[in-house]
Amino acid sequence: NRLLEKISRRDAEIAQQNRQLAFAQSAEDKRKQSMSAVAHELKTPLAIIHSAAEGLQAHVAEEKRAHYLQMILDEAERMDAMVFEMLDLSRAEAGRIRLYKEPIALAELAQQTMDRLAEAAAAKQLHWTLRADDDTVALVDGDRIARVMTNFLTNAIRHTPIGGEIRVRVETTDRVVRFAVTNTGEPIPPEVLPQLWTPFFRADPARSHAEGTGLGLAIAKSIVELHGGVCGAANTPDGVCFSFAVDR
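Residues numbered from 1 in each chain as written. Predicted model: local features only at pLDDT ≥ 70, side-chain atom pairs only at ≥ 80, totals over all residues. Heavy atoms only, no water.

A few words now on the overall build of the protein. Across its full length, the protein carries six helices and seven strands. Evaluated residue by residue, the protein yields a buried proportion of 35% over its 248 residues. Nonlocal contacts in the protein, meaning residues at least 24 apart in sequence, comprise 72% of its contacts between residues at least 6 apart. As displayed, the protein offers around 15200 Å² of accessible surface, 54% of which is attributable to carbon and sulfur atoms. (Helix = DSSP H or I, 4+ residues; strand = E, 2+ residues; numbered from the N terminus. Buried < 20%, exposed > 50% of the residue type's maximum accessible area, 1.4 Å probe, protein only. Contact = heavy atoms within 4.5 Å. Areas by Shrake-Rupley, 256 points an atom, 1.4 Å probe, with all protein chains shown as cover.)

Pasting the structure below:
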C-alpha cells in the first residue's frame with residue numbers, strides 16, 4: 001500500500017509538472033507570436049516616418065514640408081497608441097487591471113456611448129437603433145465596459161457600408177446582461193471568426209494600416225473575461241454581430 005501511495009504521488013507530481021510545462025510552452029509560443037506581430041505592425045509607420053524624414057532632409061519644396069511633417073506626427077501618434085494598448089493588453093491578460101465594480105445600467109451606458117459616436121455614424125449616413133429591456137443593471141466597472149462598447153460600435157461603424165444599419169440590443173435574463181451590436185454588411189468567413197480576438201489579427205491584411213492598432217477586440221475580450229463574462233462574434237442573415245455577456 002505504501003508503495004502504491006508513493007507511485008500515485010509521483011504520478012500526480014509528474015502530471016502537475018507536465019501541465020506547468022505545457023502552460024509555459026503555450027505562454028512562450030504566444031510571446032513569440034506577439035513579438036513577431038509587433039515587429040510587423042511597427043514596420044509600416046517606421047517606414048513612413050523614415051521616408052518623410054528623408055524628404056525633409058532633401059530640402060523638399062516648401063509647400064510639401066507641412067505634408068511631410070504631418071505624416072511624421074500621424075505615424076508617431078499611431079505608434080504611441082499601439083504601445084499604450086499593448087501595455088494595457090499585457091496588464092489585462094496578466095490580471096493586473098483593478099476593476100472598480102458598481103451597479104451600472106448597461107442600457108444607459110450604451111446610449112451614452114452611442115451619443116459620443118453619433119457624429120461618426122452620421123458621416124456615413126448610418127441608421128442605428130437601441131433596444132433595451134427594462135432592467136439592465138449589472139455589477140461592472142463602468143469605464144472598462146464603456147471601452148468595450150466603444151470598441152464594438154466603432155468596429156460596426158467602420159465596417160457598415162454607407163447608408164447601412166446598426167442595431168444595438170441590451171437584454172437580460174435571470175443571471176446575465178447581454179450587449180450585442182449587429183451591423184449590415186459583408187459576412188466574416190466562418191474560419192476567421194475565432195481569430196478575430198487575436199492581437200493584431202485582421203481578416204484583410206491589405207487594409208491593416210488604415211484601421212486602428214489591431215488590438216481593440218483582444219483588449220475588449222480581456223476586459224470582459226476579467227468580469228467573468230464571455231464575448232462572441234457571429235454572422236447574421238444580413239451582416240455580423242459582436243456581443244458580450246456579464247453576470248448581473
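Now, onward.
When two helices pack together, their arrangement is given by the angle between the helix axes and by the axis-to-axis distance. Look at helix 3 (residues 106-116) against helix 5 (residues 142-159): their axes get within 10 Å of each other, and the N-to-C directions meet at 50 degrees. Classed by the angle they form, the pair helix 3 and helix 5 counts as oblique. Relative to helix 5, helix 3 is oriented so that their crossing is right-handed. Contacts from Leu106, Leu109, Ala110, Thr113, Met114 and Arg116 in helix 3 reach Gly142, Ile145, Ala146, Met149, Thr150 and Leu153 in helix 5. Grouping the amino acids of the contact of helix 3 with helix 5 by side-chain chemistry returns eight nonpolar, three polar and one charged. (Axes fitted to C-alpha atoms, helices over the stretch in contact; angles between N-to-C directions. Parallel < 35°, antiparallel > 145°, perpendicular 65-115°, else oblique. Left-handed = near helix turned anticlockwise from the far one by under 90°. Nonpolar A, V, L, I, M, F, W, Y, C, P; charged D, E, K, R; others polar.)

What follows covers unusual backbone geometry. It is generally the case that most residues other than glycine have a negative phi and that most peptide bonds are trans. You will see that Gln125, though not glycine, has its phi angle at about 55 degrees, which is positive. You can see Gln125 is positioned in the loop between helix 4 (118-123) and strand 2 (127-132).

Compared with the 26 Å implied by 1.5 Å per residue over 18 residues, the 26 Å span of helix 5 between its first and last C-alpha is a close match. All of the buried residues in helix 5 are Gly142, Ile145, Ala146, Val148, Met149, Asn151, Phe152, Leu153, Asn155, Ala156 and Ile157. Two or three places before Asp143, at the start of helix 5, stands the capping residue Asp141, its side-chain oxygen 3.2 Å from that residue's backbone nitrogen. (Expected span 1.5 Å × (residues − 1). Polar contact = N/O pair within 3.5 Å; in protein donor to acceptor, adjacent residues only side chain to side chain.)

As a further point, take the sheet that holds strand 2. Strand order in the open sheet formed by five strands is 2-4-5-7-6, with mixed pairing between adjacent strands. Sheet topology places strand 2 and strand 6 (230-236) at the edges, where each strand pairs with a single neighbour. Strand-to-strand twist in this sheet, taken as the mean axis angle between neighbours without regard to direction, amounts to 15 degrees. Bridge count for strand 6 against strand 7 (residues 239-247) is seven bridges, and the pairing is antiparallel. Looking across to strand 7, one finds that Thr236 is bridged to Gly239. (Pairing = 2+ DSSP bridges.)

This part covers the confidence of the model for the protein. Put simply, the protein has an average pLDDT of 84, and 85% of its residues get 70 or more. Confidence over residues 205-210 falls short of pLDDT 50; this stretch has seven contacts with residues more than four positions distant or in other chains. (pLDDT = per-residue confidence, 0-100.)

Moving on: the packing of aromatic side chains. Considering all chains together, one arrives at five aromatic pairs under this definition. For the pair Phe152 and Phe242, a centre-to-centre distance of 5.9 Å together with 50 degrees between the ring planes defines the contact as tilted. Of this pair, Phe152 sits in helix 5 while Phe242 sits in strand 7, and the two are 90 residues apart along the sequence. Both residues of the pair, Phe152 and Phe242, belong to the buried class. Judged by centre distance (5.9 Å) and plane angle (75 degrees), the rings of Trp197 and Phe242 are edge-to-face. Of the two residues, Trp197 is situated in the loop between strand 5 (176-184) and helix 6 (216-226) and Phe242 in strand 7; the sequence distance between them amounts to 45 residues. Classification of Phe242 as buried rests on a relative accessible area of 7%. (Phe/Tyr/Trp six-rings, centres within 6.5 Å; stacked < 30°, edge-to-face > 60°.)

This part takes up the pattern of salt bridges. With the rule as written, the count across this model stands at seven salt bridges. For Glu171, the salt bridge identified is with Arg169, shortest N-O distance 3.9 Å. Between Glu171 and Arg178 there is a salt bridge whose closest N-O contact spans 2.8 Å. One salt-bridge network, held together by shared partners, links Asp133, Arg169, Glu171 and Arg178. (Salt bridge = Lys/Arg side-chain N within 4 Å of Asp/Glu carboxyl O.)

Relative to strand 4 (residues 165-172), strand 2 runs parallel, the two being bridged by six bridges. Each residue of the ladder has a partner; that of Leu130, found in strand 4, is Val168.

Let us now look at the pairing of strand 7. Across the nine residues that make up strand 7, a large majority, eight, are buried. Here strand 5 runs beside strand 7; their pairing, made up of nine bridges, is antiparallel. In the strand pairing of strand 7, Ala180 is matched with Ser243. Counted between consecutive antiparallel strands, the loop separating strand 6 from strand 7 contains two residues.

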